[in-house]
Amino acid sequence: MPPAEPDPDRLVVAITARALFDLEESHRLFEAEGLDAYSDYQRTHENEPLSPGIAFPLVKKLIGLNANDDPEAPRVEVILLSRNSSDTGLRIFNSIEHYGLRIIRAVFTGGAPTTPYIRPFGAQLFLSANPESVRHALDHGVAAATILPARATSMEPAHPQLRIAFDGDAVIFSDESERISQERGVAAFHANERELANTPLSGGPFRAFLAALHSLQQAFPPEDSPIRTALVTARSAPAHKRVILTLREWGVRLDEALFLGGRDKGPFLRAFGADLFFDDSQRNIDNASLHVAAGHVPHGVSNPRPAAADLARAAFVPPDPDGP
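Residues numbered from 1 in each chain as written. Predicted model: local features only at pLDDT ≥ 70, side-chain atom pairs only at ≥ 80, totals over all residues. Heavy atoms only, no water.

The protein chain is annotated in an unreviewed UniProt entry as 5'-nucleotidase from Coralloluteibacterium stylophorae.

Secondary structure assignment for the protein chain yields 13 helices and ten strands. Sorting the 324 residues of the protein chain into buried and exposed places 52% on the buried side. A sequence separation of at least 24 residues applies to 75% of the contacts in the protein chain between residues at least 6 apart. (Helix = DSSP H or I, 4+ residues; strand = E, 2+ residues; numbered from the N terminus. Buried < 20%, exposed > 50% of the residue type's maximum accessible area, 1.4 Å probe, protein only. Contact = heavy atoms within 4.5 Å.)

For sheets, the rule is that strands pair by backbone hydrogen bonds, running either parallel or antiparallel. One open sheet holds the ten strands; their spatial order is S3-S2-S1-S4-S5-S10-S9-S6-S7-S8, and the pairing between them is mixed. Of all strands in the sheet, those with a lone pairing partner are strand S3 (106–108) and strand S8 (256–259), marking the two edges. Recorded for the sheet is a direction-independent mean angle of 25 degrees between the axes of neighbouring strands. In this structure, strand S7 (residues 227–233) lies alongside S8, joined through four bridges in parallel fashion. Bridge pairing in S8 places Thr 233 opposite Phe 259. (Pairing = 2+ DSSP bridges. Axes fitted to C-alpha atoms, helices over the stretch in contact; angles between N-to-C directions.)

On to the pattern of salt bridges. According to the stated counting rule, one finds 17 salt bridges in the structure shown. Measuring nitrogen to oxygen at the nearest pair gives 2.9 Å for the salt bridge that ties Asp 175 to Arg 179. Looking at Asp 175, the relative accessible area reads 11%, which means it is buried. A salt bridge links Arg 253 to Asp 255, with the shortest nitrogen-to-oxygen separation between them at 3.1 Å. Given a relative accessible area of 23%, Asp 255 falls into the partly exposed group. (Salt bridge = Lys/Arg side-chain N within 4 Å of Asp/Glu carboxyl O.)

Another point: unusual backbone geometry. Omega for the bond connecting Ala 237 with Pro 238 falls within 30 degrees of zero, at 10 degrees, which places this linkage in the cis form. Examined against the element boundaries, Pro 238 turns out to sit in the loop between S7 and helix H10 (240–250). The residue Ala 170 is not glycine, and still its phi comes out positive at about 75 degrees. On the secondary structure map, Ala 170 appears in the loop between strand S6 (162–166) and helix H7 (176–184).

Look at any regular strand and the pattern is simple: side chains alternate between the two faces of the sheet. Across the two faces of strand S9 (residues 276–279) the burial is the same, with Leu 276 and Phe 278 and Phe 277 and Asp 279 all buried. Handedness of the S9-helix H12 (residues 282–288)-strand S10 (residues 294–296) crossover: right-handed. (Right-handed = clockwise from strand over helix to strand, strands pointing away.)

A few words now on the packing of aromatic side chains. Using the criterion set out here, one finds twelve aromatic pairs in the structure. With centroids separated by 5.0 Å and ring planes inclined at 70 degrees, the aromatic side chains of Phe 56 and Tyr 99 adopt a geometry described as edge-to-face. With Phe 56 in helix H4 (residues 56–64) and Tyr 99 in the loop between helix H5 (90–98) and S3, this residue pair connects regions lying 43 residues apart in the sequence. With relative accessibility at 1%, the residue Phe 56 sits in the buried group. Accessibility expressed as a relative area gives 26% for Tyr 99, which makes it partly exposed. Considering the side-chain rings of Phe 209 and Phe 278, the 6.3 Å spacing of their centres and the 80 degrees angle between planes classify their relative orientation as edge-to-face. Highlighted residues: Phe 209 in helix H9 (residues 207–217) and Phe 278 in strand S9, separated in sequence by 69 residues. No difference in accessibility class separates Phe 209 from Phe 278, as the two residues are buried. The cationic tip of Arg 75 hangs over the ring face of Phe 220; the distance from NZ or CZ to the ring centre is 4.9 Å. Over the ring of Trp 250 we find Arg 207; its NZ or CZ atom is 4.1 Å from the centre of that ring. (Phe/Tyr/Trp six-rings, centres within 6.5 Å; stacked < 30°, edge-to-face > 60°. Lys NZ or Arg CZ within 6 Å of the ring centre and 35° of its normal.)

Have a look at this one:
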């Protein structure tokens, strides 16, 4: 049977336990003392709720979009994926119940990779603390980002809306223009964008997720939408024109577009109130994460693959039971 295709009428987000909850204390125990100590710790504390992780506010808002829906047919579904066993994962499910999160589907793999289960669930987005898991998902056509595991900075959101911001090149769009910028310089980049201003850019790894989010927005009145999106890009005039015409060609609306001309994105993302920002540049992610939750998209020319020798060594690392 082929993998499930994403449901056009439902947004499905797959997330790992370490992105949803703060599991760093037990993760350090696993690294220092091993699996048995980790398992004992989780069983001993299984009735103590885990603290919210960096992506918890995002997940709470996503699930909140179902407030007026039939519980059997929600607009948004969040799937939990974890390398914990079902035994050690009981604490995670208890924490989900404690916070009243409607997450009813989960996979506990006992140390095996979780990424094979993304497509059968029809997920359009995968959030994980493990860069290799994220790369694997991207390779298989799923929008994915690496979330640096941490405790949620605040339980009080800046805005009641779900606010998501995207970089453009190598995220929403392909990296075709970014390659020209890096290989031939900014002047060549601007010349290329002027010449091809009326030629739509190819889609990047987040095009389908953006389309699904846009489709979800259409279910709500524009003047009272619980979702707001933004493009936050280093592009500036005249390179803005091709971006605008591409989105028009795709039939996708972004509520805000910030053409920053190389300015640091973090302060602008804070002003927007982003619940999550996606970018392919680690430098931009490091800056943004000082202000908002940020997900690194390891895709395109800015993210060369590790050397084959490094990948071979990584294959011998023992599985991490504390989430990918």
